[in-house]
Amino acid sequence: MDKVVDLWNKGPGKKDQITVTVKKQASGDTLVTKILTAHKAGKAPDLVQAEYQALPTLVSNDALADISKNVGDAKDRFADGVWQQTTLGTDAVYAVPQDIGPMMFYYREDLFKEYGLTVPTTWEEFAETARNLKKAAPDKDLTTFSANDSGLFAGLAQQAGAKWWTTSGDQWKVSINDAATQKVAKFWGGLVKEGAIDNQPMYTPAWNKALNTGKQIAWVSAVWAPGTLTTAAPATKGKWAMAPLPQWSANENRTGSWGGSSTAVTTDSKHQQAAAEFATWLNTDRDALNALAKESGIYPAAKNAQTSGAFLKPPAYFSGQADFYSKAADIAETTAPSAWGPNVNVAYTTFKDAFGAAAKNKSDFGAALEKMQDDTVADMKKQGFEVAE
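Residues numbered from 1 in each chain as written. Predicted model: local features only at pLDDT ≥ 70, side-chain atom pairs only at ≥ 80, totals over all residues. Heavy atoms only, no water.

Within an unreviewed UniProt entry, the label attached to the chain reads Multiple sugar transport system substrate-binding protein, and the organism entered is Streptomyces africanus.

Below is the structure:
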């Protein structure tokens, strides 16, 4: 980020006499905690890099400023489902999107051909593909259900139409166990129980080996997957292909989001207009976005940057798929709206515990989902939020 900020300080920032200083504090939930602690003392920084799911926590603690009057026509640069994550469905704008993680389907093209499998376009076809592979090669798995990254399940639920947190007046409604999410949980729980897919967590040496040796031949992931596969499965470089995420019905065209962050201005900032000007430049200017892609490997939220600069060529790992990034841009455009709440960290922790145990034991995913709902509601009430029953 410091290299990208240098572009501003020597260019537009110098012209406008706005200088930006980068301070690396923390990331993820730790960063949110630090910002809230600083805000209680009235000393939060001018700008904060926040993941989308953290925005409601910061907004509900009055830590983020509404910059709707300072971002110009920035909205036009982003897909509706992406921009919605920074407005929280209101007329306010609490951040400018930076990077996104539209979800897609990755598969071993060579092994799909060898076993006579077709790329699934619906989740029903996905289940049949998993079963057909088991018949053809009992020692292989199409994929695994992993509970060690909550963002994957959240993105799958989002694609299905889930709205985990919504507001009405001063009340929150929590619907983590809504019909859409129950459908997703039942689907994956069923595949695990029948043994059609594996039940091991991702990002372990065993998972890396399964991908690298062809024991696992597909992965439901996001646009950033090439970087992970490069490290996890170096021996299979050039053998993978990417396709859109399977749909719940043949006439749908939606994807979920797994990852991504935004740049927000805090209510403590004494330079809110200048900070918003920088946040807009950082996430919409072509030179800034090219530098972000080059220096930090992001996939930009801004639509005009998704097929230019660093994204004119496919990732080296997918060198055989020339249209990788044009296809990714089309998929990103179909990102479904999300609905985050003020205690995503609690929901995510319960997911890892409850779904982790259910996957390991091949037990009821529905019960795990109820646990996630109950724990989240209990925590919100404990924090003093009004929760509609």
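(A) Geometry of the overall build of the chain. Broken down by element type, the chain carries 16 helices and eight strands. A compact globule built from 389 residues would reach a C-alpha radius of gyration of about 21 Å, and the chain, at 21 Å, matches this within 12%. For the chain, with 389 residues in total, the buried portion stands at 53%. Put simply, of all contacts in the chain between residues at least 6 apart along the chain, 73% involve residues at least 24 apart. (Helix = DSSP H or I, 4+ residues; strand = E, 2+ residues; numbered from the N terminus. Rg over C-alpha atoms; globule rule 2.2 N^0.38 Å. Buried < 20%, exposed > 50% of the residue type's maximum accessible area, 1.4 Å probe, protein only. Contact = heavy atoms within 4.5 Å.)

(B) Structural detail: the layout of surface pockets. The space that makes up the largest pocket amounts to roughly 1200 Å³. In terms of lining, the largest pocket is formed by 39 residues, of which the most central are V22, K23, L47, V48 and Q49. Among the elements of the structure, α3 (28-40), β1 (47-51), β2 (96-108), β7 (257-265), α12 (272-284) and α13 (286-296) are those that each provide at least two residues to the lining of the largest pocket. Counting residues per element, the lining of the largest pocket draws most heavily on α3, which supplies six residues. (1 Å grid on protein atoms, 1.4 Å probe; cavity = no way out; pocket = protein on both sides within 12 Å on 5 of 7 lines; lining within 4 Å. Points joined across faces, edges and corners; volume = space filled by probe spheres on them.)

(C) Representation of the nonpolar core in the model. If you look at the biggest cluster of nonpolar residues, it comprises 132 residues, and the most contacted ones within it are F145, W164, W165, W188, V220 and F355. Looking at this core element by element, the count peaks at eight residues for helix α15 (residues 344-361). (Core = buried A, V, L, I, M, F, W, Y, C linked by side-chain atoms within 4.5 Å.)

(D) Layout of the environment of Y107. For Y107, the location among the structural elements is in strand β2. Spatially, the C-alpha atom of Y107 lies 24 Å from that of G356, the residues being 249 residues apart in sequence. Once you skip the residues sitting within four places of it in the chain, Y107 turns out to touch F112, V119, I217, A218, K239, W240, A241, M242 and A243.

(E) Structural view of helix α9 (residues 179-194). With 16 residues, α9 should reach 22 Å at 1.5 Å per residue; the first-to-last C-alpha distance of 22 Å fits that figure. Buried within α9 we find A180, T181, V184, A185, F187, W188, G189, L191 and V192. Structurally, α9 contributes buried residues whose contacts are with α7 (123-136), α8 (150-159), β5 (218-222), α15 and α16 (365-383). Note on α9: the residue one or two positions beyond its end, G195, has a positive phi of about 80°. (Expected span 1.5 Å × (residues − 1).)

(F) Structural view of the environment of A65. Note on placement: A65 falls in the loop between α4 (55-60) and α5 (80-87). Classification of A65 by relative accessible area gives buried; the value is 4%. Setting aside residues up to four positions removed in sequence, A65 forms contacts with V93, Y94, V265, T266, T267 and Q272.

(G) Representation of the pairing of β5. Within β5, five of the five residues are buried, leaving the element largely enclosed by the surrounding structure. Burial of β5 is two-sided: the residues A218, V220 and A222 facing one way and the residues W219 and S221 facing the other way are all buried. Sheet topology places β2 next to β5; five bridges connect them, and they run antiparallel. From the neighbouring strand, M104 faces β5, where its bridge partner is S221. (Pairing = 2+ DSSP bridges.)

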